[in-house]
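What the coordinates show
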Amino acid sequence: MNIKKIEITVYEAADIRELSREDAALLAKAAEATGNAYAPYSQFHVGAAVLLENGEVICGSNQENAAYPSGLCAERVALFYATSRFPEAAVRAIAIHSSTGGQAGPEPVYPCGACRQVLLECESRSGRPLKVIMGGVQKIQIVNSASELLPLNFHLSH
Ligand code: THU
C-alpha cells in the first residue's frame, strides 16, 4: 500500500498589522460582528465577514437556539446571506473572530466541519479561491483556499 501525505499551507501573523489592508479591514469587521451574536448557551460569540468580488462585505454572527441543532454558526449565517443576496458574485474571502464576555478571543477561530463544507461549495460554485482568515488576538492564520481546510472532500463535481 502507498502512503500519501497531504500538506496544507497556513500563513501565520502575530498581529493584524502584518495583514494586507483588505484582510485587516475584513478581520476588523468580523471582530465587530461578534457584538451581534446570540449565544446565551455557549457565551462564545463568533463574527464572520464575507468579502464578495463585487466589493460587498456581508457580516454574520452565530445564532443559537434552545433546541441546539436549530442554531447556526457565524460563517454559515454570513455565507448564506451573502450568496442569497448576490448569487452571481464569487465569495473571495471570509474572516472569522470570536469573543467571550466582551473579550476578543486569543486563539484563531477554526470553522467547524459543516462550515468547511459550505465554504468549499462557495469555492467550487465560483471556481475562484476563497481565502479564510482565522483571527485571534495572539495570532491570525490564513489559508488561501477553502479546500486547504477540507482535504479529500466531497465536492460539486461528484
Ligand atoms: N461557532 C461558530 O459560529 N463558528 C465556529 O467556527 C465555531 C463555533 C459557534 C457555534 C455555537 O454557537 C458556538 O460557537 C459554540 O460552539
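Everything below is about the structure printed above this text.
Structural notes, computed from the coordinates. Please read all numbers here as calculations on a predicted model, not as lab measurements. (Residues numbered from 1 in each chain as written. Predicted model: local features only at pLDDT ≥ 70, side-chain atom pairs only at ≥ 80, totals over all residues. Heavy atoms only, no water.)

Inspection of the region around the ligand gives S42, F44, V46, N62, E64, C73, A74, E75, V109, Y110, P111 and C112 as its neighbouring residues. The contact in question runs from an oxygen atom of the ligand to an N or O atom on the side chain of N62, over 2.9 Å. At 2.5 Å, a side-chain N or O of E64 approaches an oxygen atom of the ligand. For the ligand, the cavity whose grid points lie within 2 Å of the majority of its atoms is the largest pocket. Classifying every residue of the shell around the ligand gives 8 nonpolar, 2 polar and 2 charged. (Near = heavy atom within 4 Å. Polar contact = N/O pair within 3.5 Å; in protein donor to acceptor, adjacent residues only side chain to side chain. 1 Å grid on protein atoms, 1.4 Å probe; cavity = no way out; pocket = protein on both sides within 12 Å on 5 of 7 lines; lining within 4 Å. Sits in = over half its atoms within 2 Å of the grid points. Nonpolar A, V, L, I, M, F, W, Y, C, P; charged D, E, K, R; others polar.)

Turning our eyes to something else, we now look at helix 3 (residues 113-126). Here helix 3 contains 14 residues, and its C-alpha end-to-end distance of 20 Å stays within 8% of the 20 Å for a straight helix at 1.5 Å per residue. Every buried residue of helix 3 is listed here: C115, R116, V118, L119, L120, C122 and E123. Where helix 3 terminates, the next one or two residues include G127, which has phi positive at roughly 70°. (Helix = DSSP H or I, 4+ residues; strand = E, 2+ residues; numbered from the N terminus. Expected span 1.5 Å × (residues − 1). Buried < 20%, exposed > 50% of the residue type's maximum accessible area, 1.4 Å probe, protein only.)

In this section: the layout of surface pockets. Its volume calculated, the largest pocket comes out at about 250 Å³. Around the largest pocket sit 18 residues that line it, and N62, E64, L72, C73 and A74 are the ones nearest its centre. Here the element with the most residues in the lining of the largest pocket is helix 2 (residues 74-85); it accounts for 3 residues. (Points joined across faces, edges and corners; volume = space filled by probe spheres on them.)

So, about the pairing of strand 2 (residues 45-52). Of all 8 residues in strand 2, 7 are buried, a share of seventy percent or more. Relative to strand 4 (residues 91-100), strand 2 is paired through 8 bridges, and the arrangement is antiparallel. The residue bridging V46 from the neighbouring strand is S98, located in strand 4. One ladder, built from 5 bridges, connects strand 2 with strand 3 (residues 57-61); its direction is antiparallel. Across the sheet, the residue bridging to A49 is C59, located in strand 3. Here strand 2 hands over to strand 3 after 4 residues, with G55 in that stretch at a positive phi of 95°. (Pairing = 2+ DSSP bridges.)

A separate point is the environment of E148. Summarising the element assignment, E148 is placed in the segment after strand 7 (140-143). Those residues in contact with E148 that lie beyond four places of it in its chain are E7, I8, T9 and V143. (Contact = heavy atoms within 4.5 Å.)

With respect to the helices and strands, the residue E123 is situated in helix 3. R92 is the oppositely charged side chain nearest to the buried, salt-bridge-free E123, at an N-O distance of 8.3 Å. (Lys, Arg positive; Asp, Glu negative; His and termini not counted. Salt bridge = Lys/Arg side-chain N within 4 Å of Asp/Glu carboxyl O.)

For the coordinates displayed, the defined rule picks out 4 salt bridges. Taking the shortest distance from any N to any O, the salt bridge between D15 and R17 comes out at 2.9 Å. Classification of R17 by relative accessible area gives exposed; the value is 73%. For the salt bridge of E107 with K139, the shortest nitrogen-to-oxygen distance reads 3.8 Å. One end of the pair, E107, is in the loop between strand 5 (103-104) and helix 3; the other, K139, is in the loop between strand 6 (131-135) and strand 7, and 32 residues separate them in sequence. For E107, a relative accessible area of 41% gives the class partly exposed.

Moving on, we get to the state of the cysteines. In the structure shown here, the tally under the stated rule is 0 disulfides. Unpaired in terms of disulfides, C112 finds its nearest cysteine sulfur in C115, a separation of 3.7 Å. The thiol of C122 is unpaired, and the distance to the nearest cysteine sulfur, on C115, comes to 10 Å. Among the residues examined, C122 registers a relative accessible area of 9% and is labelled buried. (Disulfide = S-S within 2.5 Å.)

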